[in-house]
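The primary structure of each chain is shown beneath.
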There are 2 protein chains.
Amino acid sequence: MGNWRDNLRRVVPYTPGEQPQQKNVVKLNTNENPYPPAPGVKKLLSEMDDKRMRLYPDPAARKLVNAIADYYNVDENMVFVGVGSDDVIAMCFLTFFNSEKPILFPDISYSFYSVWADLFKVKYECPKLNEKFELVKEDYYKENGGIIFPNPNAPTSSAVSLEFVEDIVKHNSDSIVIIDEAYVDFGAESALELTRKYENLLVVQTYSKSRSMAGMRIGYAIGNAELIKALNDVKYSFNSYTLNYPSIELGVAAIKDESYFKETVAKIIKTREAAKVRLSELGFSYPDSKANFLFVTHKNKYAGDIFDYLKSKNIYVRYFKKEGIDNYLRITVGTDEQMEILYKELENYLNKKES
Amino acid sequence: MGNWRDNLRRVVPYTPGEQPQQKNVVKLNTNENPYPPAPGVKKLLSEMDDKRMRLYPDPAARKLVNAIADYYNVDENMVFVGVGSDDVIAMCFLTFFNSEKPILFPDISYSFYSVWADLFKVKYECPKLNEKFELVKEDYYKENGGIIFPNPNAPTSSAVSLEFVEDIVKHNSDSIVIIDEAYVDFGAESALELTRKYENLLVVQTYSKSRSMAGMRIGYAIGNAELIKALNDVKYSFNSYTLNYPSIELGVAAIKDESYFKETVAKIIKTREAAKVRLSELGFSYPDSKANFLFVTHKNKYAGDIFDYLKSKNIYVRYFKKEGIDNYLRITVGTDEQMEILYKELENYLNKKES
């Protein structure tokens, strides 16, 4: 009786950043874009046909695939789309990481990688970042069942060069190398152009950051047609209809507006660079961010305490209670106005006499 | 060089029903609802805030979970939501079917079950339906690692009684029993009320059929809180943010409009019952459908030929070239107008002199 419990898959669930429900919060904890999506999204939303919703969406999401292929000037059969880059990367783990050898990803990186590996029973090893939180290329030259890392890395914010990526891809022609470029638009070099040259390279990007559409859940992968077909085969065997009707339509509208995209990305970069100066002045140091967030530590205050103080002031940043980074905060780059509120509260906290 | 191919997961991808792109098609091939979603959906769509899209959706989709829980008068912790019932059931396979013993599902049933089992390397056995395409209860009394079947069954359309379901649940207290009720609203008895009584029972439903929202991808499972927690743990470790902002909002609007729901379901049932009479007159026979489709065979014409003829007339129905059912067509119940076009073309075909 009740032995069905023996067959449950036990996992340690990922804990996403808090999504506070109250208003008047300065929300700098989940790396969302502070600006709304492209104006074409609003327009299309108001024109959307409710009657179309009774039909299944196009399982191949061709309109969206074509729009992404056009934008990046690649062939349509080099593009795979999914419900956010989390869905895309989960499908990659399921599709590509089936070796008996361990896959490799950095010890300090996107926390979902180990969660997917555990879920799908994929062996893994985690080479350590160096003391500057940088990836060490040579760590990825050993035998492995696949490689994945973000560029820029999360939550550390710094990027590696295209040459660095190419070296790793070249040294691993028997493995699939996945570059998770969720934050690439904010100043790193994309490996997209290398996908034509290396058949074992896959680049993953998302609408959630630089395109201000975290709420829509759209991610995509670009790589050679054979990799994309393998991904689609697994996707179709999992759930044929994943991107819903609004995602497909609005995703097209968003990617077509390149000038709005460039403008908002430039604003975020400008705010980030200003933040580097201001946070230095306040006694913080950080790796040189190429993302839409900063990974900061203070010279004499404990990160956990700063986190608690900011939260008490309705400013949400992200704190990871994890060895090696437990004196760091990850702060999303918001609007200039939001950042001023942050600086002011940090000043208040740092100038406060200890009670 | 290129040995990365050795680590690809090879799957036989599911082939979804055709989604013809041309207009003027009578589309009776994918069991969609011929009526638009509830009027509240259209209203909410036009009011939707594009600025909210920059933020991640609530990972717990609480608004939607609460609305579903309210509607069915169950506790919120008894409801799991996903990207269509395909996503929900895939998560169920991953979460619940981890025994060394085979799971059981009917030999003629939803074709995705074997696809998920293969994908996740779950052993399975498929008891045969009897000659009337009915499930045989006793086939599900043997040792197993879990049970799943649709009620009404697809593509055969007939339903089993609540007593039948309860017998299977009672005989399998060491297994999780999943009733896939995608079509239940069209005339079968839901096992929902049994979820309070049996901890090993999970009921899965969808917005894609009776709620006219296939294009939105919303499915849900109802069962005891322990099952739902296990599902959520796996879901969070797969992709924390699955249902997007429009799905959560519009899903709430749809479920609140019970009178529209009842009205459209009643129309479909009426059209189906009329179709039974008309199709009989044309020489078809079928199991007694409790779904929004009919599973028909003709006394002297081959189903594949009828399918081809109808397609040439821009009428799409579904034909499965599979042993045991390869002389059957699955015809979705459309509007009365669509059905009249179907009858007319069937008459044309059946009266046609052989050329």
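Since the structure is predicted, the reported quantities are computational estimates derived from the model, not experimental observations.

Enquirer: Kindly report on the overall build of chain A, identifying the contributing residues and their values.
Expert: The number of helices and strands found in chain A is 10 helices and 13 strands. Sorting the 355 residues of chain A into buried and exposed places 65% on the buried side. Considering only contacts in chain A between residues 6 or more positions apart, those separated by 24 or more positions represent 72%. Total accessible area computed for chain A in this model is approximately 13,800 Å², and 48% of it derives from carbon and sulfur atoms. Across chain A, the 46 positively charged side chains and the 50 negatively charged ones have centroids separated by 5 Å.

Enquirer: Talk me through the sheet that holds strand S13 (residues 329-332) of chain B; I want residue IDs and the actual numbers.
Expert: Remark on secondary structure: sheet strands pair via backbone hydrogen bonds, oriented parallel or antiparallel. Residue and element names in this part refer to chain B. Reading across from one edge, S9-S10-S13-S12 is the order of the four strands in this open sheet, with antiparallel pairing throughout. This sheet does not close on itself; its edge strands, each paired only once, are strand S9 (284-285) and strand S12 (318-319). As defined by bridge partners, S12 adjoins S13 across two bridges and the pair is classed as antiparallel. Residue pairing across strands places Tyr 319 opposite Leu 329, the latter belonging to S13.

Enquirer: Explain the side chain of Gln 338 of chain A to me, and be specific about the residues and the numbers.
Expert: Residue and element names in this part refer to chain A. Mapped onto the fold, Gln 338 is located in helix H10 (residues 336-351). For Gln 338, a relative accessible area of 17% puts it in the buried group. Only 2.9 Å separates the side chain of Gln 338 from the backbone nitrogen of Thr 335, close enough to count as a polar contact. In this structure Gln 338 touches Val 26, Lys 27, Leu 28 and Pro 34, once residues within four positions along its chain are discounted.

Enquirer: Tell me about the interface of chain A and chain B, and name the residues and values.
Expert: Chain A puts 86 residues into the contact, and the matching count from chain B is 86 residues. Taken over both partners, the interface formed by chain A and chain B buries close to 7,500 Å², and the fraction arising from carbon and sulfur atoms is 57%. Between the two partners, chain A and chain B, sit six salt bridges. We note a salt bridge from Arg 5 of chain B to Glu 226 of chain A, for which the minimum N-O separation is 2.6 Å. For the pair chain A and chain B, the number of links is 49 residue pairs in polar contact (both at pLDDT 80 or more). Per-element tally for the side of chain A that touches chain B: the top contributor is helix H6 (residues 225-238) of chain A, with eight residues. A per-class count over the side of chain A that touches chain B returns 44 nonpolar, 25 polar and 17 charged.

Enquirer: How would you sum up the confidence of the model for chain A? Please name residues and give values.
Expert: For chain A, the mean per-residue pLDDT works out to 95, and 98% of the residues sit at or above 70. At the level of chain-chain contacts, confidence expressed as ipTM amounts to 0.95, with global pTM at 0.95.

Enquirer: Tell me about helix H5 (residues 162-170) of chain A, residues and numbers included.
Expert: All names here are of chain A. With respect to burial, H5 is a largely interior element, seven of its nine residues being buried. Regarding H5, the residues found buried are Leu 162, Phe 164, Val 165, Glu 166, Asp 167, Ile 168 and Val 169. Residues of H5 that are buried sit in contact with strand S5 (147-150), strand S6 (177-180) and strand S7 (201-206).

Enquirer: Go over the pairing of strand S7 (residues 201-206) of chain B, please, and point to the residues and values.
Expert: All names here are of chain B. Across the six residues of S7, six count as buried, placing the element largely inside the fold. In the sheet, strand S6 (residues 177-180) pairs with S7 via four bridges, with the strands oriented parallel. By the bridge assignment for S7, Ile 179 is matched with Val 203. Bridge count between S7 and strand S8 (residues 219-223): five bridges; the pairing is antiparallel. Within S8, the residue paired with Val 204 across the bridge is Ala 221.

Enquirer: So what about the packing of aromatic side chains? Which residues, and what values?
Expert: In this structure the tally under the stated criterion is 49 aromatic pairs over all chains. The interplanar angle of 90° and the centroid separation of 5.7 Å between the aromatic rings of Phe 120 of chain A and Phe 238 of chain B together place this pair among those described as edge-to-face. A residue pair is termed interchain when its members come from two chains, as with Phe 120 of chain A in the loop between helix H4 (112-119) and strand S4 (124-125) and Phe 238 of chain B in helix H6 (residues 225-238). Residue Phe 120 of chain A shares its accessibility class with Phe 238 of chain B, and that shared class is buried. Between the aromatic rings of Tyr 72 of chain B and Tyr 220 of chain B, the centroid separation amounts to 5.9 Å while the plane-to-plane angle is 40°, which identifies the pairing as tilted.

Enquirer: Can you lay out the layout of surface pockets for me, pointing to particular residues and giving the numbers?
Expert: Of the pockets and cavities examined, the second largest pocket occupies roughly 860 Å³. Surrounding the second largest pocket, 28 residues form its lining, Arg 52 and Leu 55 of chain A together with Pro 20, Gln 21 and Lys 23 of chain B being those nearest its centre. Only helix H1 (39-47), helix H2 (62-72) and helix H7 (245-256) of chain A provide two or more residues apiece to the lining of the second largest pocket. The leading source of residues in the lining of the second largest pocket is H7 of chain A, at three residues. When grouped by side-chain class, the residues that make up the lining of the second largest pocket number 11 nonpolar, six polar and 11 charged.

Enquirer: Run through the packing of H2 of chain A against H7 of chain A, naming residues and quoting values.
Expert: Residues and elements named next belong to chain A. Viewed as axis vectors pointing N to C, H2 and H7 meet at an angle of 15°, and their least axial separation amounts to 8 Å. Classified by the angle their axes make, H2 and H7 are roughly parallel. The crossing of H2 and H7 is left-handed. Residues Lys 63, Leu 64, Ala 67, Ile 68, Tyr 71 and Tyr 72 of H2 pack against Ser 247, Ile 248, Glu 249, Gly 251, Val 252 and Ile 255 of H7. Here the residues of the contact of H2 with H7 sort into eight nonpolar, two polar and two charged.

Enquirer: I'd like a description of the nonpolar core, backed by residues and values.
Expert: The biggest cluster of nonpolar side chains holds 110 residues, and the ones touching the most others in it are Ile 68 of chain A together with Ile 68 of chain B. Excluding residues that lie within four positions of it along the chain, Ile 68 of chain A makes contacts with Val 79, Val 81, Tyr 207, Tyr 220, Ile 222 and Ile 255 of chain A. Core analysis: the next-biggest nonpolar cluster, separate from the first, contains 70 residues, Phe 112 and Ile 148 of chain A together with Phe 93 and Phe 96 of chain B among them.

Enquirer: Before we move on, can you summarise the pairing of strand S10 (residues 293-298) of chain B with the specific residues and values?
Expert: All names here are of chain B. Taken across its six residues, S10 has six buried, putting it largely inside the fold. Here S10 shows no split at all, with Phe 293, Phe 295 and Thr 297 on one side and Leu 294, Val 296 and His 298 on the other all buried. Sheet topology places S9 next to S10; two bridges connect them, and they run antiparallel. Each residue of the ladder has a partner; that of Ser 285, found in S10, is Thr 297. As defined by bridge partners, S10 adjoins S13 across four bridges and the pair is classed as antiparallel. Each bridged residue has a counterpart across the sheet, and for Phe 295 the counterpart in S13 is Arg 330.

Conventions used here
Residues numbered from 1 in each chain as written. Chains lettered and ligands numbered in written order. Predicted model: local features only at pLDDT ≥ 70, side-chain atom pairs only at ≥ 80, totals over all residues. Heavy atoms only, no water. Helix = DSSP H or I, 4+ residues; strand = E, 2+ residues; numbered from the N terminus. Buried < 20%, exposed > 50% of the residue type's maximum accessible area, 1.4 Å probe, protein only. Contact = heavy atoms within 4.5 Å. Areas by Shrake-Rupley, 256 points an atom, 1.4 Å probe, with all protein chains shown as cover. Lys, Arg positive; Asp, Glu negative; His and termini not counted. Charge placed at Lys NZ, Arg CZ, Asp CG, Glu CD. Pairing = 2+ DSSP bridges. Polar contact = N/O pair within 3.5 Å; in protein donor to acceptor, adjacent residues only side chain to side chain. Buried area = accessible area lost by both parts, 1.4 Å probe. Salt bridge = Lys/Arg side-chain N within 4 Å of Asp/Glu carboxyl O. Nonpolar A, V, L, I, M, F, W, Y, C, P; charged D, E, K, R; others polar. pLDDT = per-residue confidence, 0-100. Phe/Tyr/Trp six-rings, centres within 6.5 Å; stacked < 30°, edge-to-face > 60°. 1 Å grid on protein atoms, 1.4 Å probe; cavity = no way out; pocket = protein on both sides within 12 Å on 5 of 7 lines; lining within 4 Å. Points joined across faces, edges and corners; volume = space filled by probe spheres on them. Axes fitted to C-alpha atoms, helices over the stretch in contact; angles between N-to-C directions. Parallel < 35°, antiparallel > 145°, perpendicular 65-115°, else oblique. Left-handed = near helix turned anticlockwise from the far one by under 90°. Core = buried A, V, L, I, M, F, W, Y, C linked by side-chain atoms within 4.5 Å.

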